[in-house]
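Notes for the structure review
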Amino acid sequence: MSLVKINPTNWINSHIGTIYDIDGVAGIQCVDLYKIFLKDIGYPNPTRPIGGDGYADQIWYRRDALGLAPYFDYITGTLKEGDIVLWAKGAMECPSSHVAMFVKDDPSDPANRGIFLGSNQGAAHSTGVLTSISCSGALGALRYKGFTTNPTPVDTNGKLIEENGAMKITVDEINARANGPTGNIVRQYKMGDIVKYQYKYVGNGHRYIVWNEGPNKIYLAISGAETYGVEKWAEPVDIDESKDIIKDLIQEDGKATFTVDDVRERKGGPKGEVVRTFKTGDSVIYQYKYIGNGHRYVVRKQGNDYFFIAVSGSEEYGKDKWADCGPVEAVKPSEPEKPADPKPEEPKLDKNVKAWGCDISEHNPNFDVKGQGFVIIRATFGTNMDKLFAENVKKCQEAGVPFGVYCYSYALDNEQALEEAQYILETIKDIDVPLGVWYDMEDADKYKENRGALTKENCTKFCEIFCDYVKSKGYYTGIYSSTWWFANLVLCGDKYPKWNADWGSNDGTLQKDFSGKCVLYQYTAIPYDKNVCYVDFSEMASHPVKEPEQPKPEIPQFPNQETVDKLIDEQTKFYKNWNQLFDKMFG
């Protein structure tokens, strides 16, 4: 049997954030990643039921019955990139069993933990995220026999060439990818767009420009070949090309009426960002004209900005005209100016955002908090402390980043909910927490569901118990959950502040405005959990109640030495007088 050749690095990079419900059962589950891989290697009927009780561990127990031997070696030793790992039920971090693809050792604990690509891990029905998971409870791994190390998906030298510049895109629909030429697509660029960059890279059949965006490097192919000048998709432009153009403008007040379609208006210069497109019959009032870059332009000024619109295909007057230009006075009053037909203004989703931040836990090792507007740190899960809690607090304190804390709930009854509240307050009792104490009510690993505790009555009551107790101790407190959970399981209304998770297509961008609905909004999990805050930080301030000191027992006051000496002297005189009296009476 001829196996499909797959590079594990390529496969992992191309499936971050792209796992879907391939079998149509119960939404996105961890087994969907495994079944998508089966589809890609040509395994027959990849969506077939696993069998047994349907949980992920059955893949390992029934591996021969499922006919996996021709495709996979069975591994119980050291893991390699691309190995598909299976966990048993009851595993420490995967109590319902789990399946995920090994990426690399977790540098924070390489002997016991790994970074895994998986779905429905870290957040309910996640679409493919990288998560640190303990290898404790792993049954074994499936290692695909058709893996290949070629072609290498990144620069064989492992280096980017530093170069600051800007490129104007000359074709439509070029995909920008995160952290490598084969990484997850983050956006598309179109003809005329100008992109600034800090590096260049040659490889993977293309020439690339690369720039930094937060913790990520974004790769954009600018040619269809690695050879310089062959099949170019972009051309270089001066980063500051508009700087000297303004002094060359010729003042002229007039009106241009366009005679062709799709004439673009650009901000700042002839090669600037496209801000509007004109159609035949549209008109625009202008104050200047400019000749250069192969065209004649009319230029309008708005505030401190200049907008350039080409009105001919040549620098030569009267040749290849795209518009009729004339004085404004020539417009007849009876023929009102036809307004331009700009696209409807996109709603500003961030208009009410006060700050941009993230939430982190031990599943985000080596996370750099610098540059974040705020951070919400997992302090506890159940009545266990997050392994990186103290380290993450120290990072925020040293970087001057405001932070809050949260407890991931594993409560199964009212008593346990109260214990979780008491435990997190004990954990933070000596720490100043500026952004409150939050209760994470979800069931990503089905811990509550599998134990019969996942009901709206329980979820609501547990939140009330936790928040009421924390609030009684003077802390700002609220509830984290998803939009669906708030509507169906966490029915506390507006009694407590909300931290709402709603990822949309989960592409790393803000897609909705949740202001007025919540205090914090978690809008994506790509490449990590990102949030916005809709209130001033001062509204989340806590004022912990100082517990009254217990009265100390009274300690008897011992006499000082002078008093002791006096008492001894008086006692001596007493006995001396008594002896003298005794002698006189009884001889």
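Look above for the structure.
All of these numbers come straight from a predicted model, not from anything done at the bench. (Residues numbered from 1 in each chain as written. Predicted model: local features only at pLDDT ≥ 70, side-chain atom pairs only at ≥ 80, totals over all residues. Heavy atoms only, no water.)

Ordered by their spatial adjacency, seven strands build an open sheet running β9-β8-β12-β11-β10-β7-β13, and the pairing between neighbours is antiparallel. Bordering the open sheet on either side are β9 (185–189) and β13 (234–237), each of which pairs with just one other strand. Strand-to-strand twist in this sheet, taken as the mean axis angle between neighbours without regard to direction, amounts to 45°. The pairing of strand β10 (residues 194–203) with strand β11 (residues 206–213) spans five bridges and is antiparallel. Of the residues in β11, the one forming a bridge with Gly 203 is His 206. (Pairing = 2+ DSSP bridges. Helix = DSSP H or I, 4+ residues; strand = E, 2+ residues; numbered from the N terminus. Axes fitted to C-alpha atoms, helices over the stretch in contact; angles between N-to-C directions.)

All right, on to the sheet that holds strand β2 (residues 84–89) then. Remark on secondary structure: sheet strands pair via backbone hydrogen bonds, oriented parallel or antiparallel. Spatial ordering of the open sheet is given by β1-β6-β2-β3-β4-β5, a layout of six strands whose pairing is antiparallel. Edge positions in the sheet fall to β1 (72–75) and β5 (129–134), since each of these pairs with one other strand and no more. If you compare each strand with its neighbour and ignore which way they point, the axes differ by 40° on average. In terms of strand pairing, β1 meets strand β6 (residues 138–144) through four bridges, oriented antiparallel.

An ideal rise of 1.5 Å per residue puts 24 Å on 17 residues; helix α7 (residues 456–472) measures up with 24 Å between its terminal C-alpha atoms. Taken as a whole, α7 has its buried residues at Cys 459, Thr 460, Phe 462, Cys 463, Glu 464, Ile 465, Phe 466, Cys 467 and Val 470. On its buried face, α7 is in contact with β24 (403–408), α5 (414–427), β25 (437–440), α6 (447–450), β26 (477–482) and α8 (483–488). Phi turns positive, to about 90°, at Gly 474, one or two residues after α7. (Expected span 1.5 Å × (residues − 1). Buried < 20%, exposed > 50% of the residue type's maximum accessible area, 1.4 Å probe, protein only. Contact = heavy atoms within 4.5 Å.)

The next point concerns the packing of aromatic side chains. Counting across every chain of the model gives 31 aromatic pairs. Ring centres 6.1 Å apart and planes at 70° place the aromatic pair Trp 60 and Tyr 74 in the edge-to-face group. Here Trp 60, found in helix α3 (residues 57–61), pairs with Tyr 74, found in strand β1; they are 14 residues apart in sequence, far enough to count as distant. We classify Trp 60 as buried; its relative accessible area is 8%. Aromatic side chains Tyr 201 and Tyr 208 sit 5.6 Å apart centroid to centroid with 35° between the ring planes, which places their arrangement in the tilted category. (Phe/Tyr/Trp six-rings, centres within 6.5 Å; stacked < 30°, edge-to-face > 60°.)

Attention shifts here to the side chain of Arg 378. Tracing the backbone shows Arg 378 in strand β22 (residues 375–381). In this structure Arg 378 comes out as buried when scored by relative accessible area, which is 8%. Side chain to side chain, Arg 378 and Asp 386 meet in a polar contact 2.8 Å long. In this view, Arg 378 contacts Ile 360, Ser 361, Glu 362, His 363, Asp 386, Phe 389, Tyr 406 and Tyr 408; residues no more than four positions away in its chain are not counted. (Polar contact = N/O pair within 3.5 Å; in protein donor to acceptor, adjacent residues only side chain to side chain.)

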